[in-house]
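Remarks on the overall topology
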Amino acid sequence: MFENIEWAPEDSILGLVESFKKDCNSRKIDLGVGIYKDEQGNSPVMHAVKKAETWLIHSESTKAYISAHGNTDYCYAVMRLVLGGEASLIKPSRVSITQTPGGTGALRVAAELIARKLHSKKVWVPDPTWANHPDIFPAAGLELGRYPYVGVDGRMDFEGMIDSIKHMPEGDVLLLHACCHNPTGFDLSRSQWREVFEVVKARRLLPLIDFAYQGFGSGLDDDAYCVRLMAENLSEVIITHSCSKSFGIYRERTGSLMVVAGNSLQANSVRSQVALIVRQIYSNPPSHGSLVVSEILKSSELSSLWREELDSMRSRIQYLRQLFLEAMSGHGLENKFRSVIEQRGMFSYTGLSPAQVRMLRDNFSVYMVNTGRVNMAGMSQDNIPYLAKAIASVS
């Protein structure tokens, strides 16, 4: 029965990991996978996480299953982190929150909820968007649509985006990146978010906000602007959130799905359906990551330490953007790569073609996805001169 099963296409990002590992070039650079790295190329465990884990080793008394909705303390802490500590939505119980295996798990559960229980059958995603978005929603039987986000000139196409949203059918689902857009790094300003909100409200669209990089753009609260704008002023919003990046706990797969409803009765009905979907897909989420996050957020000492570390990571990435532009300026390519400074978060949309990306990989052992998206955190003060010279040679 297995003899006719063909090889599945290699994942565009994960395949780079294996190729990078096999490369023997001592100057090789990995700009592919979207994880934070320090100057030595390592993905360190945050000190706040280590301290929380040390406490858990001595205090955790059971390894029993947790509920389908996950760790209650974690869910409440993340709700306050995303919606704000004084958010008016929390008291009326208009929000259902469910812990999920990472942001990807949250998106997959959201896709099932939309497909099974809502009239919406089309999900609109930006072009370009995270490579997994176009696979997650069709896997649940949903139709996928695309709206402009970056133009042919490599710049953000906000006018095209707004015009496209204005023509979307009522009831369709609009996926938005809250901050640190993956893969481009181009984010909307507050005035642009307000314009999007007005169109979403007028067209009666359902916003699905992918919030994977809170704290990596401008700060924890600033990055949540569009989420809070939509959640506080619309009766229905879906939010998928990840702690994997902000807390550096990628392998713990720690995320959540938040559904804002018109009232508590609707929120509880949605919550019951989410629990059923979770039961059918993975039963219940893993516990360790959620315990770490909840321990950090409920401790003023650990929370302060975590915020300092996150601020330091964000500042380092911003500094690397400046160093990279300065290095490209030395090759007369400052104008071509000036947008790197305008972008936020870990990713940058370089505008390099697939052919140029292949040349960088084959001739210089510089690894990035074919779209030309790079993980800025994969750069360092030591490797940027070599990287700049390599890019200049293929530009």
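Note that this is a predicted model, so its numbers are computed, not measured.

**Concerning the overall build of the protein**
The helix and strand tally for the protein stands at 14 helices and eleven strands. Here the protein has a C-alpha radius of gyration of 21 Å; the compact-globule value for 395 residues is 21 Å, and the two agree. By principal-axis analysis of the C-alpha atoms, the protein measures approximately 60 × 55 × 55 Å. When the 395 residues of the protein are sorted by exposure, 54% land in the buried category. Long-range pairs, those at least 24 residues apart, make up 75% of the contacts in the protein with a sequence separation of at least 6. Total accessible area computed for the protein in this model is approximately 18,200 Å², and 50% of it derives from carbon and sulfur atoms. A gap of 2 Å separates the mean positions of the 42 positive and 43 negative side-chain charges of the protein.

**Focus: the nonpolar core**
In this structure, Val196, Trp306 and Phe324 are the most contacted members of the largest nonpolar core, which totals 101 residues. Residues within four places of Phe324 in sequence aside, it is in contact with Phe337, Val340, Met376, Met379, Ile384, Leu387 and Ile391. In terms of nonpolar packing, the next biggest core, distinct from the first, is built from 25 residues, Ala111, Ala115, Leu142 and Leu175 among them.

**Things to note about the packing of helix α11 (residues 300-329) against helix α14 (residues 384-394)**
Where α11 contacts α14, the axes come no closer than 9 Å and their chain directions differ by 50°. In this view, α11 runs oblique relative to α14, as classed from their interaxial angle. Considering how the two elements wind past one another, α11 and α14 form a crossing that is right-handed. Counted together, Leu320, Leu323, Phe324, Ala327 and Met328 of α11 and Ile384, Leu387, Ala388, Ile391 and Ala392 of α14 form the full contact between these two elements. Grouping the amino acids of the contact of α11 with α14 by side-chain chemistry returns ten nonpolar, no polar and no charged.

**Observations concerning a nonpolar patch on the surface**
Together, Met1, Phe2 and Ile5 make up an exposed nonpolar region whose accessible area comes to about 490 Å². Its location among the elements puts Ile5 in the segment before α1 (14-22). When its relative accessible area of 59% is taken as the criterion, Ile5 is described as exposed.

**Considering the pairing of strand β5 (residues 173-177)**
Counted residue by residue, β5 has five buried out of five residues, so it is predominantly covered. Judged by which residues are buried, β5 turns out to be covered on both faces: Val173, Leu175 and His177 on one side and Leu174 and Leu176 on the other are all buried. Where strand β3 (residues 122-127) lies against β5, two bridges are found, and the strand directions are parallel. Within β5, the residue paired with Val123 across the bridge is Val173. Bridging between β5 and strand β6 (residues 206-211) involves five bridges; their strand directions are parallel.

Each value, and the rule that gives it
Residues numbered from 1 in each chain as written. Predicted model: local features only at pLDDT ≥ 70, side-chain atom pairs only at ≥ 80, totals over all residues. Heavy atoms only, no water. Helix = DSSP H or I, 4+ residues; strand = E, 2+ residues; numbered from the N terminus. Rg over C-alpha atoms; globule rule 2.2 N^0.38 Å. Buried < 20%, exposed > 50% of the residue type's maximum accessible area, 1.4 Å probe, protein only. Contact = heavy atoms within 4.5 Å. Areas by Shrake-Rupley, 256 points an atom, 1.4 Å probe, with all protein chains shown as cover. Lys, Arg positive; Asp, Glu negative; His and termini not counted. Charge placed at Lys NZ, Arg CZ, Asp CG, Glu CD. Core = buried A, V, L, I, M, F, W, Y, C linked by side-chain atoms within 4.5 Å. Axes fitted to C-alpha atoms, helices over the stretch in contact; angles between N-to-C directions. Parallel < 35°, antiparallel > 145°, perpendicular 65-115°, else oblique. Left-handed = near helix turned anticlockwise from the far one by under 90°. Nonpolar A, V, L, I, M, F, W, Y, C, P; charged D, E, K, R; others polar. Patch = residues over 30% accessible without salt bridge, like charges linked within 9 Å, V, L, I, M, F, W, Y side chains within 5 Å. Salt bridge = Lys/Arg side-chain N within 4 Å of Asp/Glu carboxyl O. Pairing = 2+ DSSP bridges.

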